[in-house]
Amino acid sequence: MFAERLGFDPVTAPDAEVVRRFRDARDASAFAALLRRHGPMVLGVCRRMLPCAHDAEDAFQATFLVLACKPAAARPPERVGAWLHGVAARACLKARRAAARRTAAERAAAER
């Protein structure tokens, strides 16, 4: 791969370097490396916090969408794992609130 010829190997590079590479160059291999490294942890957080598997998958995707859209928000870059954990937890809480609102609206509609 071209990036590897320049001395950047997303598989072995530290998190801080991978985040900077994605942030500065929008390197897809850097994003893929972050997804491989931190995806299982993020999915685990989502599955533990949300009983519905579909909601957990949505929160997982939302977490990495935040990273894709706002890579500079992952500060400091060497703590991207902790940042992703926090983003995932907030996405799960938001999904929980939305599910509770839906359930309440459905119950109200059923009573009418």
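Our structure is the block above this text.
In short, a report on the structure. (Residues numbered from 1 in each chain as written. Predicted model: local features only at pLDDT ≥ 70, side-chain atom pairs only at ≥ 80, totals over all residues. Heavy atoms only, no water.)

## Some remarks on the nonpolar core
Ranked by internal contacts, the top residues of the largest apolar core, which has 28 residues, are C46 and L67. Within the residue set of this core, elements represented by two or more residues are α2 (15–25), α3 (28–49), α4 (53–69) and α5 (80–111). When residues no more than four places from it in sequence are discounted, the contact partners of L67 are F22, F31, L34, A74, W83 and L84. (Core = buried A, V, L, I, M, F, W, Y, C linked by side-chain atoms within 4.5 Å. Buried < 20%, exposed > 50% of the residue type's maximum accessible area, 1.4 Å probe, protein only. Helix = DSSP H or I, 4+ residues; strand = E, 2+ residues; numbered from the N terminus. Contact = heavy atoms within 4.5 Å.)

## Side note on the side chain of T63
Residue position: T63 is located in helix α4. When its relative accessible area of 0% is taken as the criterion, T63 is described as buried. Leave out the neighbours within four places in its chain, and T63 touches V42, L84, V87, A88 and A91.

## What about unusual backbone geometry?
Look at the link from R75 to P76: it is a cis peptide, with omega at -15°. With respect to the helices and strands, the residue P76 is situated in the loop between α4 and α5. Unusually for a residue other than glycine, R26 sits at a positive phi of about 50°. Tracing the backbone shows R26 in the loop between α2 and α3. Overall, R26 belongs to the partly exposed group, its relative accessible area being 45%.

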